2 protein chains.
Amino acid sequence: MHVAILAHEKFPGRAKTALGVLRYADYEAVAVVDRENDGRRVNDYVPDVQDAPIVAGMDDLDADAVDTLLIGIAPIGGGFDESWREDVRTALEYGCDVVSGLHYFLSEDEEFVRLAEENGCELQDVRKPHDDLTVAEGVAGDIDAEVILTVGTDCSVGKMTVSMELVRDAREAGLDAAVVPTGQTGIMIEGWGNPVDRVVSDFTAGAVEEMLVELGDEHDYLFVEGQGSIVHPAYSAVTCGILHGSMPDKLVLCHEAGREAIHGYESFSLPSIPTYVDLYENLSAPVSEAEVVAGALNTAGLEDDVAARDAVDAYAETLGAPATDVIRFETDDIIEALR
Amino acid sequence: MHVAILAHEKFPGRAKTALGVLRYADYEAVAVVDRENDGRRVNDYVPDVQDAPIVAGMDDLDADAVDTLLIGIAPIGGGFDESWREDVRTALEYGCDVVSGLHYFLSEDEEFVRLAEENGCELQDVRKPHDDLTVAEGVAGDIDAEVILTVGTDCSVGKMTVSMELVRDAREAGLDAAVVPTGQTGIMIEGWGNPVDRVVSDFTAGAVEEMLVELGDEHDYLFVEGQGSIVHPAYSAVTCGILHGSMPDKLVLCHEAGREAIHGYESFSLPSIPTYVDLYENLSAPVSEAEVVAGALNTAGLEDDVAARDAVDAYAETLGAPATDVIRFETDDIIEALR
């Protein structure tokens, strides 16, 4: 796949999906489309991911050079920004498939549907759950693979990144590991998955279970991408459904250094780390005994490595388990704890 | 409203919605429609609810006598049984509205839509969430009313019944109380509400919060109908979303005497009652401090009142809080604990 990644006015800081794809996906990135960064390159901003030129619009690319356009940003609310329409139109006229994680479904947009038909393209809305989802049967625990779930103290502390990094490092350590993606970015990177936050609430656990059952015993280690936080005022339902639907064996607790309140819900303080450990373990236990065996601390907000190392060490001590920043430091101790 | 309640082959034992409506709704029940119990009366089977004749089909009723048909049963899977089509057809030809809590939406059935249009009737699918739902803002705690949530050790232990009985008894005790319905039966009884188990999982808490904010300070006590159980392998997401979305002040723990495993998921044992108390209180605390202040024990499976009283007393002692069977015994102590 040769993909262009749309990220107008948001690259790199507010283009989580674009960055995730550049960092982890097997696709060849032909270009990032961002009219504010025209002429630069990805590596000018982010050194440790796949490089690609940044262009102002799809019409700066040759039709032959690209076969897929990914929408790599998601505005608050998940709407479609009309300033992107020309790029999507051009992509379809080039014969490209268009992949989107927006709440606004491209496959229900009249013009895009018509253009896709005319040009033999596919409109793929990864946030649209498929129709066969149903309630969990409580059987995810029956598969042989070791199931590892990333859980968090809040949204946007790095659960997706931690899942991807740990799978990559587990594979490098010789383990047969795979990701079970539950959110739009993970689904785009892996090319499959159920958007667990968009399914009918009764089917939340079932949507996760279905993926685990489908993978079955294909791998020895399955890393389930967690969502939200078990004490999030808005999103805890999704977190709880993933916890019970995946019936994990082990948990990795993800946290951001210095975060003290729920992002966007600042009147709600984060409980202590040991409280999170107890909550996740005690809530899981009646469905699946699972222990927090490792911690992942996002230290992106700390400038120097010494401070970051100190923060990671303190986090490990609080947890009573090995911890790291998966982007900044080694993951050997964590991989060992997950074996 | 003059309603007929469809309950073919399921009345009374497997017609939870029909019984709930007969017991709690303000509607006048004109008849129960059950071809297997034709000629009997409701009170032949269930003494303490609104009485009505049982007829074999809608065409046994006069068109003038009835203005609404309620679907009072829900088969596993929530499908529409084609053997009911003739009754729904007749109802619409009589000019009746039809209210359904099935997963199969009558408002998407071609024939019913046509008949409803021809006869000026409404097809009301109470399990179809409205389009404006969104994520919770974490503001349910801001309303002045005391919010009481019924939580359970499992599905079908009586949370809806407990909510309805406690509101009725609270009103009789002079309190200004109302129900916040979250499931199909509660919604049919109250005539409003969000079907929390059918909303997009990200909006679970938001769907509850919206109802509480809408009621605001209209009442002093709001009894939120809980769903599922926080350790249910399939439905815990809904339970968790209601817990955090309602931001309750007090919890009533509902349980069925003698139940030892999750219904339909028998390999999962119920944890101990004190474990449930800790789980609900500890999970709620970071969002809303809430205490289990009372227990409701469903003793329908126990034949004599002495055994039932013993079971209730033992449950109260385990809880360290007053308990009762809301159908069988007085609720005075519980109402007192909720004040």
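Rules and cut-offs
- Residues numbered from 1 in each chain as written.
- Chains lettered and ligands numbered in written order.
- Predicted model: local features only at pLDDT ≥ 70, side-chain atom pairs only at ≥ 80, totals over all residues.
- Heavy atoms only, no water.
- Helix = DSSP H or I, 4+ residues; strand = E, 2+ residues; numbered from the N terminus.
- Rg over C-alpha atoms; globule rule 2.2 N^0.38 Å.
- Buried < 20%, exposed > 50% of the residue type's maximum accessible area, 1.4 Å probe, protein only.
- Areas by Shrake-Rupley, 256 points an atom, 1.4 Å probe, with all protein chains shown as cover.
- Lys, Arg positive; Asp, Glu negative; His and termini not counted.
- Charge placed at Lys NZ, Arg CZ, Asp CG, Glu CD.
- Pairing = 2+ DSSP bridges.
- Right-handed = clockwise from strand over helix to strand, strands pointing away.
- UniProt positions renumbered as here; feature names shortened; annotations may be inferred.
- Domains from an automatic or database assignment.
- Contact = heavy atoms within 4.5 Å.
- Buried area = accessible area lost by both parts, 1.4 Å probe.
- Salt bridge = Lys/Arg side-chain N within 4 Å of Asp/Glu carboxyl O.
- Polar contact = N/O pair within 3.5 Å; in protein donor to acceptor, adjacent residues only side chain to side chain.
- Core = buried A, V, L, I, M, F, W, Y, C linked by side-chain atoms within 4.5 Å.
- Nonpolar A, V, L, I, M, F, W, Y, C, P; charged D, E, K, R; others polar.
- Axes fitted to C-alpha atoms, helices over the stretch in contact; angles between N-to-C directions.
- Parallel < 35°, antiparallel > 145°, perpendicular 65-115°, else oblique.
- Least-squares fit on C-alpha atoms with pLDDT ≥ 70 in both.

**Q** Please give an account of the overall build of chain A that cites residues and values.
**A** Assigned secondary structure in chain A consists of 11 helices and 14 strands. For a compact globule of 339 residues, the expected C-alpha radius of gyration is about 20 Å, and chain A comes in at 20 Å, within 12% of that figure. Summarising its shape, the C-alpha atoms of chain A cover approximately 55 × 50 × 45 Å along the three principal directions. Burial analysis of chain A (339 residues in total) assigns 60% to the buried set. For chain A, the accessible surface area stands at approximately 13300 Å², while carbon and sulfur atoms represent 42% of it. Measuring between centres, the 21 positive side-chain charges of chain A sit 6 Å from its 68 negative side-chain charges.

**Q** Give me the pairing of strand β2 (residues 28-33) of chain B: which residues, what numbers.
**A** Residue and element names in this part refer to chain B. For β2, the buried fraction is high: five of the six residues fall into the buried class. Pairing of strand β1 (residues 2-6) with β2, which is carried by five bridges, proceeds in the parallel orientation. Looking at the pairing, Ala 4 lines up with Ala 31 of β2. Viewed along the sheet, the connection from β1 through helix α1 (residues 16-24) into β2 turns out right-handed.

**Q** Summarise the UniProt feature "domain: D-glutamate N-acetyltransferase-like C-terminal" (unreviewed entry) in chain A; cite the residues concerned and give the values.
**A** What UniProt calls "domain: D-glutamate N-acetyltransferase-like C-terminal" (unreviewed entry) maps, in this numbering, to residues 135-334 of chain A. The distance separating the terminal C-alpha atoms of residues 135-334 of chain A is 33 Å; by composition the span is 37% helix and 20% strand.

**Q** So what's going on with the domain arrangement of chain A? Residues and values would help.
**A** Residue and element names in this part refer to chain A. Split by domain assignment, chain A resolves into domain 1 (2-125) and domain 2 (140-338). Distance between the C-alpha centres of domain 1 and domain 2: 28 Å. In this complex, domain 1 contributes 16 residues to the contact, which on the side of domain 2 involves 13 residues. Buried area between domain 1 and domain 2, both sides added, is near 1200 Å², and the carbon and sulfur share of it is 59%. The tally of links between domain 1 and domain 2 comes to zero salt bridges. For the interface between domain 1 and domain 2, the tally reads four residue pairs in polar contact (both at pLDDT 80 or more). Secondary-structure elements contributing two or more residues to the side of domain 1 that touches domain 2 are α1 (16-24), β4 (68-71) and β5 (97-100). For the side of domain 1 that touches domain 2, the leading source of residues is α1, giving six residues.

**Q** If you had to explain the nonpolar core to someone new, which residues and values would you point to?
**A** Core analysis: the largest hydrophobic core is formed by 107 residues, its most contacted members being Leu212(A), Ile230(A), Leu253(A), Leu212(B), Ile230(B) and Leu253(B). Ignoring anything within four residues of it in the chain, the contact list for Ile230(A) reads Ser236(A), Thr239(A), Cys240(A), Leu279(A), Tyr280(A), Leu283(A), Cys240(B), His244(B) and Leu283(B).

**Q** Requested: an account of the interface of chain B and chain A, with residues and values cited.
**A** Taken residue by residue, the interface counts 35 residues in chain B and 35 residues in chain A. Taken together, the two surfaces of chain B and chain A that pack against each other cover about 3000 Å², and 61% of this comes from carbon and sulfur. Linking chain B to chain A there are 12 residue pairs in polar contact (both at pLDDT 80 or more). Counting residues per element, the ones that place at least two in the side of chain B that touches chain A are α7 (204-215), α8 (236-246), β12 (265-269) and α9 (273-284) of chain B. The element contributing the most residues to the side of chain B that touches chain A is α8(B), with six residues. Counted by class, the side of chain B that touches chain A contains 23 nonpolar, eight polar and four charged residues.

**Q** Kindly report on the packing of α1(A) against helix α5 (residues 159-172) of chain A, identifying the contributing residues and their values.
**A** Residue and element names in this part refer to chain A. Interhelical geometry of α1 versus α5 gives an angle of 5 degrees and a closest axis separation of 11 Å. Relative to α5, the element α1 lies roughly parallel. Along the contact surface, α1 presents Gly 20, Arg 23 and Tyr 24, while α5 presents Met 160, Thr 161, Met 164, Glu 165 and Arg 168. Here the residues of the contact of α1 with α5 sort into three nonpolar, two polar and three charged.

**Q** Describe the environment of Glu289(B), with residues and values.
**A** All names here are of chain B. On the secondary structure map, Glu 289 appears in the loop between α9 and β13 (291-298). In the structure, Glu 289 is positioned 71 residues away from Glu 218 in sequence and 23 Å away in space, judged by C-alpha atoms. Among residues more than four places away in sequence, those in contact with Glu 289 are Pro 248, Asp 249 and Ser 284.

**Q** Would you mind going over the relation of the copies chain B and chain A in detail, with residue names and values included?
**A** With an RMSD of 0.1 Å, the fit of chain B onto chain A corresponds to turning through 180 degrees and sliding 0.0 Å along the axis. Those values place the two copies in the arrangement expected of a two-fold rotation axis. With an isologous cut-off of 70% or more, the 100% of interface residues of chain B that recur at the interface of chain A puts this contact in the isologous class.

**Q** Which residues make up the environment of His263(A), and what are the values?
**A** All names here are of chain A. Considering the arrangement of structural elements, one finds His 263 in the loop between β11 (261-262) and β12 (265-269). Residue classification places His 263 among the exposed positions, given a relative accessible area of 53%. Sequence spacing of His 263 and Ala 323 is 60 residues, and the spatial spacing of their C-alpha atoms is 22 Å.

**Q** Would you mind going over the sheet that holds strand β6 (residues 123-125) of chain A in detail, with residue names and values included?
**A** Residues and elements named next belong to chain A. The strand order across the open sheet formed by six strands is β3-β2-β1-β4-β5-β6, and the pairing between neighbours is parallel. Across the chains shown, the open sheet's two edge strands, defined by having one partner strand only, are β3 (54-55) and β6. On the sheet, helix α3 (residues 85-93) packs against β1 (2-6), β2 (28-33), β4, β5 and β6 and is oriented at approximately 155 degrees with respect to β4.

**Q** Hey, could you go over the UniProt feature "domain: D-glutamate N-acetyltransferase-like N-terminal" (unreviewed entry) in chain A for me, with residue numbers and the actual values?
**A** Within this numbering scheme, the UniProt entry marks residues 36-129 of chain A as carrying the feature "domain: D-glutamate N-acetyltransferase-like N-terminal" (unreviewed entry). Along residues 36-129 of chain A the backbone is 24% helical and 14% strand, and the end-to-end C-alpha distance reaches 33 Å.

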